[in-house]
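Residues per chain, in single letters:
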Number of protein chains: 2
Amino acid sequence: MASLMMTRLWAGREFVDRIARQSPARLALTVFAGVILVFTALLSLPAATASGERAPFIDALFTATSAVCVTGLTTVPTGVYWSSFGQAIILVGIKVGGLGVMTLASILGLAVTRRLGLTARLLTASETKTTRLGEVGSLIRVVIITSTSLELAIATLLLPRFLYLNETIGEAAWHSAFYAVSAFNNAGFVPTAHGLVPHGSDWMLLVPIMLGMFVGALGFPVILNVARRRSKFSRWSLHAKLTVVTSSILVLVAWTWYLIAEWTNPLTLGPLGWGQKLLSSAFLAFMPRSGGFSTMDPSGLHEASWLITDALMFVGGGSASTAGGIKVSTLAVLMLAIVAEARGDQDVDTFGRRIPRDSLRQAVAVTFVGATIVLVSCLILLEITGLTLDVVLFEVISAFGTVGLSTGITSEIPTSGQYVLVALMFVGRVGTMTLGAALALRSRRRVIRLPEERPIIG
Amino acid sequence: MASLMMTRLWAGREFVDRIARQSPARLALTVFAGVILVFTALLSLPAATASGERAPFIDALFTATSAVCVTGLTTVPTGVYWSSFGQAIILVGIKVGGLGVMTLASILGLAVTRRLGLTARLLTASETKTTRLGEVGSLIRVVIITSTSLELAIATLLLPRFLYLNETIGEAAWHSAFYAVSAFNNAGFVPTAHGLVPHGSDWMLLVPIMLGMFVGALGFPVILNVARRRSKFSRWSLHAKLTVVTSSILVLVAWTWYLIAEWTNPLTLGPLGWGQKLLSSAFLAFMPRSGGFSTMDPSGLHEASWLITDALMFVGGGSASTAGGIKVSTLAVLMLAIVAEARGDQDVDTFGRRIPRDSLRQAVAVTFVGATIVLVSCLILLEITGLTLDVVLFEVISAFGTVGLSTGITSEIPTSGQYVLVALMFVGRVGTMTLGAALALRSRRRVIRLPEERPIIG
Ligand SMILES: [K+]
Ligand SMILES: [K+]
């Protein structure tokens, strides 16, 4: 009996090991989908809802996907619909999902095979994009320790503020922890009915949350690189430089836009004082990188502000981070290539480094596959819902970029449309690169090079 | 006195020659803007309007730009507002504009300097994208003769039909000529109040017009290449193959979409019979490539059909054609690169040829600069008009792609918004490549190559 179990366990180990060796991406996808199903089952328990009744399948699936994919879109109000137990499940889902698809698969591989073999190496190397395989073993630990420490730090900054707001110690601790995890993982979930709306002018709450979201959205490769090289910008990796600089530019552009365009909008910044206008627009500027919190209803923004938010949400945050989108480094490579093309330069150079030509092709693939996914999803949702392009595009990009902002249609659209959003959040979090690798039917190398012929462009 | 004039003429020749040598693109832009201003002045003549009153400046400028940039967007109804003289000016504007920016500049260069020197060679070589400079001299003639013959052929096909519809010989000849020129040049202008709407089920009118638009949108390099190599597909240039195949696929995709999505729409295909549904959706499928005619009001289409039309209009037709957009070969190169990336191929191969790596960078530049122009124009027009994204995006892409389809807002938006559309039509017709070359402040070549470092993509 014991021997049979041992045999089966061995067979399981062998199976996981084989899949991992054949296609790490396919294993990662399976694991990630499995994690979502586990959390769907947990949220389907009657104890998970405030009413004590079993949640409908679509609401459990949608919330589980939204939590594990750190998106924050919801078909039911988190702070009202779910019980404390249900909210705790969501928080754990965010924490687990925020670690990243590949890291999760490595942890599973490690648990099953009990050795850090090729499996985990392949997986984590791809997630943290490290080239030194020797480091991989400690990297899983580093990722978990780093994220948890940073979450603890944010929670510690938030705790006294919640206490000052006359919450009990238990409440304050719970809210601090929830917001800290939700912020660092760019999840956008809130534990109370009105979320951050009542705290729209509260610098001491919003600034730590903004910082947490920004750091989380840089990605583990950047956080670890910067932590190692400290303040020496010149010694950072090219990837860290590109990510931090591009991220900062995007936040500044967004801040300027919201401040100017929404200055007199009676539904957003209009009624606020100067200081509050600055704070609210800054907070808004951090959101599209995939934070997804809101101190005011995004449905009140101008149409033009929706559009620029669409563009920012599509770009998203850093690679291998808690943010979604095509990633800021992808945008940076495209922009640098365009500048080089306009100048007639042979190479694409930046920060004293030459960017390999393959990188451009990867960037093109990620961007165009992303744009195609958004386009097709919009076509489907427009037909399903009969709504107008502005709100549908906003919702689709918010789901694809795992942002979680919404003009308010998430709970109103038909169930079939909500399944489309579930698929979008999954694809957006997994990433088009991993998805492509998992779906690829063959990987061949051509030896014979064909004669070159130039088509006309533009 | 005569000697002074001679001296001035010489100075003028030298000036044109110098600019042409320094920056052919900048000369071409200047010439093209000059042509538009000349037609604006002509349309500002009181005799140009049906009422005999001088047209407002914005209407004259808008119509002249729309004609010379072969777009077809109008702030006033062409067949009603303008006199026969005015309509003849518009027709000449279309014919001149359809030749292409670079060809126009070569003709001017030829007229001023009276010799086909480096000027014309540089210009026309860039327009028709030929690499054999020896051919350039005859190419201007070939372009004019080819386009005129094809227009005559279309007109000859249309003439008996108009006569059959009880028009006088004069009317029928005028309408045939107008539609033939408007179709081959993908201009979308119509000489009567209701345009092609009353002829929505008239195969004998619509099929020659569709064919004319398709051939015109392939571009002179393809037309000349196919004419020379006849039916031997395998002997066509790579560019001709890519253009014809991609164009055909896009038309088929559009046809299928419109047929299925609009089948029951009471505002479009719904009330029609089977045959008419097939014809109307086919005609609609040819439009976004930049034709711009309509047998039914585009404002009746579903939101999703608007969005797919947006995508098709953004792509447009062939390079150096009478169509706008980023061009089908640009799309083809991006798609092929993505397929190669997914397969893990080192080279981007198609039709037994390898596409150079520079082509991808050009394609990226053209596409992203185009997308940025559309995005920024949308932001501006959304703020100016207060309209929703769906109609504004449609109008902006229609202007940028020199398509001319509209949901009906062109004449209603404020004058400042119409100036934005004028700028868009100009940029769309001139092309982002030429514009970029004209604006480029320096063209340098780096000799020292920097060390390579790979950022993370996606
Ligand atoms: K989020
Ligand atoms: K047109």
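Shown above is the structure to which this text applies.
Residues numbered from 1 in each chain as written. Chains lettered and ligands numbered in written order. Predicted model: local features only at pLDDT ≥ 70, side-chain atom pairs only at ≥ 80, totals over all residues. Heavy atoms only, no water.

**Q** I tried to follow the overall build of chain A on my own but got confused; where do I start?
**A** Counting its secondary structure elements, chain A contains 19 helices and 2 strands. In chain A, which comprises 458 residues, the proportion classed as buried is 59%. Within chain A, residue pairs in contact and separated by at least 24 positions form 70% of the contacts whose partners lie at least 6 positions apart. Total accessible area on chain A is roughly 18,400 Å²; 66% of this is exposed by carbon and sulfur atoms. (Helix = DSSP H or I, 4+ residues; strand = E, 2+ residues; numbered from the N terminus. Buried < 20%, exposed > 50% of the residue type's maximum accessible area, 1.4 Å probe, protein only. Contact = heavy atoms within 4.5 Å. Areas by Shrake-Rupley, 256 points an atom, 1.4 Å probe, with all protein chains shown as cover.)

**Q** Can you walk me through the environment of Pro-208 of chain B in this structure?
**A** All names here are of chain B. Looking at where Pro-208 falls in the secondary structure, it is placed in helix α10 (residues 203-218). The spatial distance from the C-alpha of Pro-208 to the C-alpha of Ala-183 is 8.9 Å, given a sequence separation of 25 residues. Ignoring sequence-local partners within four residues, the contact set of Pro-208 consists of Ile-154, Leu-157, Leu-158 and Trp-203.

**Q** How should the packing of aromatic side chains be read in this particular structure?
**A** Each aromatic ring pair is characterised by the separation of its centres together with the angle its planes make. All names here are of chain A. On inspection of all chains with the given rule, the structure shows 19 aromatic pairs over all chains. Summarising the aromatic geometry, the rings of Phe-214 and Phe-286 are spaced 5.8 Å apart at their centres and angled 80° between planes, so their arrangement reads as edge-to-face. With Phe-214 in helix α10 (residues 203-218) and Phe-286 in helix α13 (residues 274-286), this residue pair connects regions lying 72 residues apart in the sequence. With a relative accessible area of 17%, Phe-214 lands in the buried category. Their ring planes at 25° and their centres at 6.0 Å tell us that Phe-314 and Phe-400 sit as a pair that is stacked. Here the residue Phe-314 occupies a position in helix α14 (residues 303-315), and Phe-400 occupies one in helix α17 (residues 389-400), the gap between them amounting to 86 residues. Each member of the pair, Phe-314 as well as Phe-400, is classed as buried. One aromatic cluster is present, built from ring pairs that chain together Phe-162, Tyr-179 and Phe-293. The ring of Trp-263 has Lys-277 lying over it, and the distance from NZ or CZ to the ring centre is 4.4 Å. (Phe/Tyr/Trp six-rings, centres within 6.5 Å; stacked < 30°, edge-to-face > 60°. Lys NZ or Arg CZ within 6 Å of the ring centre and 35° of its normal.)

**Q** Looking at this model, I keep getting lost on the side chain of Lys-241 of chain A. Mind explaining?
**A** Structurally, the position occupied by Lys-241 of chain A is in helix α12 (residues 238-261). Look at Lys-241 of chain A and you get buried, because its relative accessible area is 10%.

**Q** It is not clear to me how a nonpolar patch on the surface should be interpreted in this structure. Could you clarify?
**A** A grouping of Val-38, Leu-42, Leu-45 and Phe-85 of chain A is seen on the molecular surface, where their side chains present a nonpolar patch of about 310 Å² in accessible area. With respect to the helices and strands, Leu-42 of chain A occurs in helix α2 (residues 24-43). (Patch = residues over 30% accessible without salt bridge, like charges linked within 9 Å, V, L, I, M, F, W, Y side chains within 5 Å. Salt bridge = Lys/Arg side-chain N within 4 Å of Asp/Glu carboxyl O.)

**Q** Looking at this structure, how should I read the nonpolar core?
**A** The nonpolar side chains of soluble globular proteins are, as a tendency, buried together. Core analysis: the largest hydrophobic core is formed by 229 residues, its most contacted members being Phe-293 of chain A together with Phe-293 of chain B. Residues within four places of Phe-293 of chain A in sequence aside, it is in contact with Tyr-179, Ser-182, Ala-183, Gly-188, Phe-189, Val-190, Leu-196, Ile-209, Met-213, Phe-283, Met-287 and Leu-405 of chain A. Counting 31 residues, the second largest nonpolar core, distinct from the first, contains Ala-340, Ala-363 and Val-364 of chain A together with Phe-368 of chain B. (Core = buried A, V, L, I, M, F, W, Y, C linked by side-chain atoms within 4.5 Å.)

**Q** For this particular structure, what's the right way to read helix α5 (residues 84-98) of chain A?
**A** For an α-helix, the turn length of 3.6 residues means that residues three or four places apart are oriented alike. Residue and element names in this part refer to chain A. The end-to-end C-alpha separation of α5 is 21 Å, in line with the 21 Å expected for 15 residues at 1.5 Å each. Among the residues of α5, those classed as buried are Gly-86, Gln-87, Ile-89, Ile-90, Leu-91, Gly-93, Ile-94, Gly-97 and Gly-98. Among the residues trailing α5, Gly-100 stands out with phi positive, at a value near 105°. (Expected span 1.5 Å × (residues − 1).)

**Q** For this particular structure, what's the right way to read empty space enclosed by the protein?
**A** It is the rolling of a water-molecule-sized probe over the atoms that shows where space remains empty. Residues and elements named next belong to chain A. Within the structure shown, the criterion is met by 3 cavities of 30 Å³ or more. By volume, the largest cavity is sized at about 60 Å³. Within the residue set of the lining of the largest cavity, elements represented by two or more residues are α18 (415-430) and α19 (432-439). When the residues that make up the lining of the second largest cavity are grouped by side-chain class, the tally is 6 nonpolar, 2 polar and no charged. (1 Å grid on protein atoms, 1.4 Å probe; cavity = no way out; pocket = protein on both sides within 12 Å on 5 of 7 lines; lining within 4 Å. Points joined across faces, edges and corners; volume = space filled by probe spheres on them. Nonpolar A, V, L, I, M, F, W, Y, C, P; charged D, E, K, R; others polar.)

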